[in-house]
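Listed below, chain by chain, are the residues.
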Amino acid sequence: MTTDNGFLSDLRALGREHAATLGATALELDRDPSRATALLSGELPWRQLIGMPAEYNPDPLRVRGRPVYMDRCVEQVVVMEELARVDAAAVLALPGPSMSGFVIADIADQPQRDRYYQLLADRPTWTFFGMTEPAHGSDPAGMRTALSPDGAGGGLLLNGTKRFVGNGARAGIGVVFARRHAGPLGVVAVLLQSGTAGFTGVPLDTLGLRGLQLSELRMRDVPVAEEDLLGRHRSATRGGMWSAVRTFNRYRPVVASFALGVAQGAHDYAAEHRRRLSAGERHQLSDLADRLEGTRAMVLAAAHAADRDPGDGTLASAAKIRATRLAEESTLLALRLFGPGARWEHPLLDKWARDARAFEFMEGTSNVQRLTLTQGYLRGRLTDGRPAA
Ligand SMILES: Cc1cc2nc3c(=O)[nH]c(=O)nc-3n(C[C@H](O)[C@H](O)[C@H](O)COP(=O)(O)OP(=O)(O)OC[C@H]3O[C@@H](n4cnc5c(N)ncnc54)[C@H](O)[C@@H]3O)c2cc1C
């Protein structure tokens, strides 16, 4: 534990060093999300941060001489929090495996892994994770996107629309969830390349996390082969939905770390730039600093828990509720401290306040997280998340 803590502190320090490079592009990316490629020519060593597995990653990040592949949730939360103190949207706008990578790691066979990761290793490639739909949101019970037999050709056809999909319009490959049969086990995960006939990705105009370029994915008679079905070699109970739930559980602490980073960034900005504070304002900032510290411990505990058992999202939900609320409170407090006109005079604060709101919806709203938290509590799953000694 001590060794891991020292390692994580060094990793955090490295993340903080790299975060400084994001300040130059934050507002530009917010104005024009298509400028994400500009990030790639900057100083950020983005290839080392995106979580490429060892066999496709010859030059990983190194801490104390030890390679770090950024594939553990605890590694991701400490680095992402630091980067998000400056610009969470920039990190989310990077090419790489992101959410779909969890599905590939869980249920792809070797040829599918090679197809996916080789593309990402060969050139900067964004990926998508298509779950949410315009009419039914992210509730899989109502999923309309369908995978059905192609009467003529003997193959399969994918039809449907996914909405609010991060990086969707600029992605080269990703995972789409679709219903193949009725019932909870009838949802399958499909590996899909963007150039496939009948597939289009259209960017949506958004207010928060604009760099992430939320998109709509439209699929009209997209041909799907058996080799595109993820988890086809596994039982239905260890297939698409199983892997989607594990992805949410593992990614939720990361979303919480983004929110925490934004909350910390707003606190630090106010503490640095608002020099003359009243006693009441000083108290508000110091109370916020305490809550940031507490939430950091919670996010780390949730990350440890997710690494230990990705099937359990209890602590992840608790951390996300806490961190997203704090991001909103912190950014709004910072704006209030600068008085009327703050959003115009401090454009970074304005951007962070808009970004903070997006975390509430990303990965499920707080009400939905409360349901997961309650179910976990009733099943006796609420532990402190630390790995067993
Ligand atoms: C920045 C961002 C990135 C995203 N990235 C992706 C992505 O890459 N891929 C993807 O597929 N989707 C993505 N999404 C979509 C996101 O996952 C969903 O919008 C989110 O999960 C909310 O789901 P929903 O739309 O079904 O809303 P719902 O869960 O239906 O919520 C709608 C409202 O009803 C309330 N509510 C719902 N159920 C209950 C209940 N039981 N009790 C009380 N209140 C309830 C909620 O709190 C909310 O106010 C992203 C969204 C954002 C904002």
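Note that this is a predicted model, so its numbers are computed, not measured.

A.B. asks: Looking at this model, I keep getting lost on the overall build of the protein. Mind explaining?
C.D. replies: Each helix and strand in the protein was counted, giving 12 helices and 10 strands. The C-alpha radius of gyration computed for the protein amounts to 21 Å, which stays within 12% of the reference 21 Å derived for 389 residues, consistent with globular compactness. Seen through its C-alpha atoms, the protein measures out along the principal axes to roughly 75 × 50 × 40 Å. When burial is assessed residue by residue, the protein has 56% of its 389 residues classed as buried. Counted over contacts in the protein with a minimum sequence separation of 6, partners at least 24 positions apart contribute 76%. Per element, the accessible surface of the protein, about 16900 Å² overall, is 53% carbon and sulfur. Computing the positive centroid from 47 side-chain charges and the negative centroid from 44, the protein places the two 3 Å apart.

A.B. asks: Would you mind going over unusual backbone geometry with me for this structure?
C.D. replies: Working note: non-glycine residues mostly have negative phi, and peptide bonds are mostly trans. Notably, Met-70 is not glycine yet its phi reads approximately 55 degrees, a positive angle. The residue Met-70 is located in the loop between strand S2 (66–68) and helix H4 (73–92) in this model. Non-glycine residue Gln-213 carries a positive phi angle of around 45 degrees.

A.B. asks: Looking at this structure, how should I read the site of the ligand?
C.D. replies: Around the ligand sit 21 residues in total, of which Phe-129, Thr-132, Ser-138, Phe-164 and Thr-365 are the nearest. Contacts to the ligand include Phe-129, whose backbone N or O atom sits 2.7 Å from a nitrogen atom. Contacts to the ligand include Ser-138, whose backbone N or O atom sits 2.8 Å from an oxygen atom. Burial of the ligand by the protein chains amounts to 64% of its free accessible area of 980 Å².

A.B. asks: So what exactly am I meant to see when it comes to the environment of Tyr-56 here?
C.D. replies: Positionally, Tyr-56 belongs in the loop between helix H3 (36–40) and strand S1 (61–63). Separated by 58 residues in sequence, Tyr-56 and Asp-114 place their C-alpha atoms 9.0 Å apart. Those residues in contact with Tyr-56 that lie beyond four places of it in its chain are Gln-110, Arg-113, Asp-114, Tyr-117, Gln-118 and Ala-121. Within the structure, Tyr-56 has its side chain in polar contact with the side chain of Asp-114 (distance 2.6 Å).

A.B. asks: What am I meant to see in the pairing of strand S3 (residues 126–130) here?
C.D. replies: Two faces belong to every sheet, and in a regular strand the side chains alternate between them. In terms of burial, S3 is a largely internal element, 5 of the 5 residues being buried. By the alternation rule, side chains of S3 split into Trp-126, Phe-128 and Gly-130 and Thr-127 and Phe-129, which are all buried.

A.B. asks: Help me understand the packing of helix H7 (residues 240–273) against helix H11 (residues 347–361) in this model?
C.D. replies: Packed helix pairs are characterised by how far apart their axes lie and by the angle those axes make with each other. Direction vectors running N to C along H7 and H11 enclose 155 degrees, while the axes themselves pass 10 Å from each other. Classified by the angle their axes make, H7 and H11 are roughly antiparallel. With respect to the hand of their crossing, H7 and H11 are arranged in left-handed fashion. Two secondary-structure elements touch here, H7 through Val-255, Phe-258, Ala-259, Val-262, Gly-265, Ala-266 and Tyr-269 and H11 through Leu-349, Trp-352, Ala-356 and Phe-359. The class makeup of the residues in the contact of H7 with H11 is 10 nonpolar, 1 polar and no charged.

A.B. asks: Can you help me understand the pattern of salt bridges in this one?
C.D. replies: Close approach of charged atoms lets side chains of opposite charge pair. Considering all chains together, one arrives at 31 salt bridges under this definition. Between Asp-106 and Arg-250 there is a salt bridge; the shortest N-O distance is 2.8 Å. With Asp-106 in helix H5 (residues 98–107) and Arg-250 in helix H7, this pair connects stretches of sequence that are 144 residues apart. Arg-250 carries the same exposure label as Asp-106, and that label is buried. Between Arg-291 and Asp-287 there is a salt bridge; the shortest N-O distance is 3.4 Å. A residue pair is termed a helical-turn pair when its members lie 3 or 4 positions apart in one helix, as Arg-291 and Asp-287 do in helix H8 (residues 279–308) at 4 residues. The exposure class assigned to Arg-291 is partly exposed, which follows from its relative accessible area of 33%. When its relative accessible area of 33% is taken as the criterion, Asp-287 is described as partly exposed. Each of Arg-12, Arg-16, Glu-81, Glu-82, Arg-85, Asp-268, Glu-293 and Arg-296 takes part in salt bridges that share partners, so that together they form one network.

A.B. asks: Help me understand a nonpolar patch on the surface in this model?
C.D. replies: Judged by side-chain polarity, Tyr-377, Leu-378 and Leu-382 come together as a nonpolar surface patch covering roughly 360 Å² of accessible area. Along the polypeptide, Tyr-377 turns up in helix H12 (residues 366–378).

A.B. asks: In this structure, what is going on with the packing of aromatic side chains? I would like to understand it.
C.D. replies: To describe a pair of aromatic rings, one takes the distance between the centres and the angle between the planes. Per the stated rule, a full pass over the model turns up 9 aromatic pairs. Seen from their ring centres, Phe-129 and Phe-248 are 5.7 Å apart, and the 70 degrees between their planes marks the pair as edge-to-face. One end of the pair, Phe-129, is in strand S3; the other, Phe-248, is in helix H7, with 119 residues separating them in the sequence. Here Phe-129 and Phe-248 have matching classes, each one buried. A network of ring pairs unites the aromatic residues Tyr-56, Tyr-116 and Tyr-117 as a single cluster. Just above the ring of Phe-7 sits the side chain of Arg-66; from NZ or CZ to the centre is 4.0 Å.

Conventions adopted
- Residues numbered from 1 in each chain as written.
- Predicted model: local features only at pLDDT ≥ 70, side-chain atom pairs only at ≥ 80, totals over all residues.
- Heavy atoms only, no water.
- Helix = DSSP H or I, 4+ residues; strand = E, 2+ residues; numbered from the N terminus.
- Rg over C-alpha atoms; globule rule 2.2 N^0.38 Å.
- Buried < 20%, exposed > 50% of the residue type's maximum accessible area, 1.4 Å probe, protein only.
- Contact = heavy atoms within 4.5 Å.
- Areas by Shrake-Rupley, 256 points an atom, 1.4 Å probe, with all protein chains shown as cover.
- Lys, Arg positive; Asp, Glu negative; His and termini not counted.
- Charge placed at Lys NZ, Arg CZ, Asp CG, Glu CD.
- Near = heavy atom within 4 Å.
- Polar contact = N/O pair within 3.5 Å; in protein donor to acceptor, adjacent residues only side chain to side chain.
- Axes fitted to C-alpha atoms, helices over the stretch in contact; angles between N-to-C directions.
- Parallel < 35°, antiparallel > 145°, perpendicular 65-115°, else oblique.
- Left-handed = near helix turned anticlockwise from the far one by under 90°.
- Nonpolar A, V, L, I, M, F, W, Y, C, P; charged D, E, K, R; others polar.
- Salt bridge = Lys/Arg side-chain N within 4 Å of Asp/Glu carboxyl O.
- Patch = residues over 30% accessible without salt bridge, like charges linked within 9 Å, V, L, I, M, F, W, Y side chains within 5 Å.
- Phe/Tyr/Trp six-rings, centres within 6.5 Å; stacked < 30°, edge-to-face > 60°.
- Lys NZ or Arg CZ within 6 Å of the ring centre and 35° of its normal.

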